Amino acid sequence: MIKENLSDSGGIAISSISFGETLVAWQKRHGRHSLPWQNTRNAYRIWLSEIMLQQTQVATVIPYYLRFLERFPDVSALAYAEQEEVMSYWSGLGYYSRARNLHRCAQIIVEEYKGIFPSDPALLEDLPGIGKSTAAAIAVFSSGVRAAILDGNVVRVFSRIFGIAEQASDKKAKEKLWQLAYELLPESDLEAYTQGLMDLGATVCVRSRPDCSKCPFSTSCVALEENRIEEFPAKKTKKVSPIRKTIMLVLLSEGKVLLEKRPETGIWGGLLSLPECELPEDAGDEEIADISRLKSVASSFGKTSSFRFLEPFTHVFSHFRLQITPCLIGLDSCQLRAEEEKYVWYDMNRLDEAPLPAPVRKLLNDSLRQQVLNLAD
């Protein structure tokens, strides 16, 4: 058995040798070995993958990772790029603060570390966008440093195997989990061990319907033994996601669409988006369809030649739902006042290059683009 008894500190006294050897053997036989960022000590590529994999699944990350690397093959190329271009290559991955931190981090690596990533996890953790677990992963894979990771997948694996019932967000539970992460570290095979934790949580001990028959710890797992798999880790009390409503103005003229640069902080920070008319949560159909108000906003950019609403849709964020009502407005000319620097008329044929948030890209998809080009003509 891996679990033996409770330690004096309230944690779990375990045989780290047994756990480590079991996990390493499993990873070498059943783990993932051909991901684009594996089989390298290139810290830039490893760092890039770890940032992209925060909050995002591997299958989604791979095409973005390859495309990003093709344009920014090393940390210097990324550091000296314009932020708008960096954001355009990140567009669609979500959690856009990651891209802004990625760009700033690259600049610091070039300016302060002469383009070489530090191997010390503590120094890595001080860089923008790199937390404790991510710093450890980068250090392990790029330099073979002995460091412990504790991301969401690892929390789930530890909670189930060792029967840690508290919520991971609880301070004492987090301390217990970190203590466990350090106690379990093997003396060798750090890369295979760390990758094994990631692989086990991502492919076997998944959130819903884990495949316990393929788990190397199935005979020692508290959650499986007690038939309480769904209870670990303890779930937070679900909050009802508030609803926000907005009208997105698709202002078109001469084959161009009006885009607005978002503030650096907040939702879609630093991206280009469509001008919006925000609505109260209790806005009814009449308020949404207030054509006079919308035409008044549009008049700042030209004389309205056509006007129609498009099909509403909802975009879900982690903490709220955004109900979007698009309004397609044709204008007879492209106008901007001198003080309106945050706006730009963007060629519809170049929208693939624009740093757009996912729902805006969805709205301005190829089929709609053809419609609006015909309308603009």
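What counts and what doesn't
Residues numbered from 1 in each chain as written. Predicted model: local features only at pLDDT ≥ 70, side-chain atom pairs only at ≥ 80, totals over all residues. Heavy atoms only, no water. Helix = DSSP H or I, 4+ residues; strand = E, 2+ residues; numbered from the N terminus. Contact = heavy atoms within 4.5 Å. Areas by Shrake-Rupley, 256 points an atom, 1.4 Å probe, with all protein chains shown as cover. Lys, Arg positive; Asp, Glu negative; His and termini not counted. Charge placed at Lys NZ, Arg CZ, Asp CG, Glu CD. Buried < 20%, exposed > 50% of the residue type's maximum accessible area, 1.4 Å probe, protein only. Polar contact = N/O pair within 3.5 Å; in protein donor to acceptor, adjacent residues only side chain to side chain. Core = buried A, V, L, I, M, F, W, Y, C linked by side-chain atoms within 4.5 Å. Axes fitted to C-alpha atoms, helices over the stretch in contact; angles between N-to-C directions. Parallel < 35°, antiparallel > 145°, perpendicular 65-115°, else oblique. Left-handed = near helix turned anticlockwise from the far one by under 90°. Nonpolar A, V, L, I, M, F, W, Y, C, P; charged D, E, K, R; others polar.

Asker: Please clarify how the overall build of the chain should be interpreted in this entry.
Answerer: Scanning the chain from N- to C-terminus turns up 16 helices and ten strands. Principal axes of the C-alpha set define a box for the chain whose edges measure 75 × 50 × 30 Å. Considering only contacts in the chain between residues 6 or more positions apart, those separated by 24 or more positions represent 66%. Surface accessibility of the chain: about 19000 Å² in total, with carbon and sulfur atoms responsible for 48%. In the chain, the 44 positive side-chain charges and the 49 negative ones have mean positions that sit 3 Å from each other.

Asker: It is not clear to me how the environment of Phe 19 should be interpreted in this structure. Could you clarify?
Answerer: Structurally, Phe 19 can be placed in helix H1 (residues 16-30). For the pair formed by Phe 19 and Pro 186, sequence separation is 167 residues and the distance between their alpha carbons is 8.5 Å.

Asker: Got a minute to help me understand helix H2 (residues 43-52) in this structure?
Answerer: Burial of H2 is extensive: nine of the ten residues sit out of reach of the surface. Among the residues of H2, those classed as buried are Ala 43, Tyr 44, Ile 46, Trp 47, Leu 48, Ser 49, Glu 50, Ile 51 and Met 52. For H2, the secondary structure elements touched by its buried residues are helix H3 (58-71), helix H4 (75-79), helix H5 (83-90), helix H6 (97-113), helix H8 (132-143) and helix H11 (190-204). Its side-chain oxygen placed 3.0 Å from the backbone nitrogen of Tyr 44, Asn 42 serves as the N-cap of H2.

Asker: Hey, could you run me through the nonpolar core in this one?
Answerer: Generally speaking, soluble globular proteins have nonpolar side chains that are buried together. Counting residues in hydrophobic clusters, the biggest one holds 62 residues, and the most contacted among them are Trp 47 and Phe 68. A per-element tally of this core places H6 first, with seven residues. Those residues in contact with Phe 68, other than ones at most four positions away along the chain, are Tyr 44, Leu 48, Met 52, Leu 78, Val 86, Tyr 89, Trp 90 and Leu 102. Counting residues in hydrophobic clusters, the runner-up holds 36 residues, among them Leu 184, Leu 185, Leu 190 and Cys 205.

Asker: Any chance you could explain the packing of H2 against H6 here in plain terms?
Answerer: Working note: a packed helix pair is described by the angle between its axes plus the distance between those axes. In the contact formed by H2 and H6, the axes pass within 10 Å of each other and the chain directions differ by 160 degrees. With respect to each other, H2 and H6 are oriented roughly antiparallel. The way H2 lies across H6 gives a crossing that is right-handed. The residues of H6 that touch H2, namely those facing Trp 47, Leu 48, Ile 51 and Met 52, are Arg 98, Leu 102, Cys 105 and Ala 106. Looking at the contact of H2 with H6 residue by residue, the classes come out as seven nonpolar, no polar and one charged.

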